[in-house]
Amino acid sequence: MITDGDLRRAMESHSEKVFDLRVFEMCTKKPKSISMDASLETAYNQMSEQGVSSLVVLDKDNVVGLLKN
């Protein structure tokens, strides 16, 4: 997964060469996730506590969506 934050950090550290990077070089290696059964309040609290703006939504081990604030 690549977030806007990943792209922003890559642009800051690689300037003009950012477009020469491969996806795996800038993607989030271990994105934060949440179960699709969790409440929106739980998702909001998790995002606030972990300081992230996106959560991968999982149904067991399958990605079913992305929650972004």
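Described below are features of the structure shown in this document. In this text, all values refer to a predicted model and were calculated from it rather than measured experimentally.

**Comments concerning the environment of Arg 8**
Moving on, step 1. Position of Arg 8 relative to the elements: it lies in helix 1 (residues 4-14).
Moving on, step 2. Given a relative accessible area of 46%, Arg 8 falls into the partly exposed group.
Moving on, step 3. Between the alpha carbons of Arg 8 and Gln 46 there is a distance of 22 Å; along the sequence they are 38 residues apart.

**Brief notes about the side chain of Gln 46**
Moving on, step 1. One can find Gln 46 in helix 3 (residues 40-50).
Moving on, step 2. For Gln 46, a relative accessible area of 16% puts it in the buried group.

The rules behind the values
Residues numbered from 1 in each chain as written. Predicted model: local features only at pLDDT ≥ 70, side-chain atom pairs only at ≥ 80, totals over all residues. Heavy atoms only, no water. Helix = DSSP H or I, 4+ residues; strand = E, 2+ residues; numbered from the N terminus. Buried < 20%, exposed > 50% of the residue type's maximum accessible area, 1.4 Å probe, protein only.

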